[in-house]
Amino acid sequence: LQACHALMVGLPVPPAMAWIGARVQGSPLKWISVDSRKPGRNSALTCLVAHSNNAWAQDNLETDPAEVEQILTAELERLLGLSFT
């Protein structure tokens, strides 16, 4: 088994993205999906799910969960050019 951290973010307004899933390189994040755009999902709220890459997660197994959340949220904001605050 390999380590992985996951982050879920709900947005009241859908960002302008033409994709449903994206593979990320050179980042603590490995995968981002617009979970609410999957077939059969309620699209009233935009839901993003981001998974860390396994090496980063393994290196951060003992990191406080709140710090992991902060790091991954900041990276997701940077990658998407959005602010969740």
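Structure shown above.
**Q** Give a description of the overall build of the protein chain that names residues and reports values.
**A** The helix and strand inventory of the protein chain stands at 2 helices and 4 strands. Listing every helix and strand of the protein chain by position from the N terminus yields β-β-β-β-α-α. The C-alpha radius of gyration computed for the protein chain amounts to 13 Å, which stays within 12% of the reference 12 Å derived for 85 residues, consistent with globular compactness. With the principal axes as the frame, the protein chain shows a C-alpha extent of 35 × 30 × 20 Å. Burial statistics for the protein chain: of 85 residues in total, 39% are counted as buried.

**Q** Outline the pairing of strand β4 (residues 46-52), supporting the account with residue identities and numerical values.
**A** Across the 7 residues of β4, 6 count as buried, placing the element largely inside the fold. Strand direction decides the pairing type here: strand β1 (residues 6-11) and β4, joined by 6 bridges, are antiparallel. Counterpart to Leu 7 in the pairing with β4 is Ala 50. Note that strand β3 (residues 29-34) and β4 share 5 bridges and pair antiparallel.

Criteria and cut-off values
- Residues numbered from 1 in each chain as written.
- Predicted model: local features only at pLDDT ≥ 70, side-chain atom pairs only at ≥ 80, totals over all residues.
- Heavy atoms only, no water.
- Helix = DSSP H or I, 4+ residues; strand = E, 2+ residues; numbered from the N terminus.
- Rg over C-alpha atoms; globule rule 2.2 N^0.38 Å.
- Buried < 20%, exposed > 50% of the residue type's maximum accessible area, 1.4 Å probe, protein only.
- Pairing = 2+ DSSP bridges.

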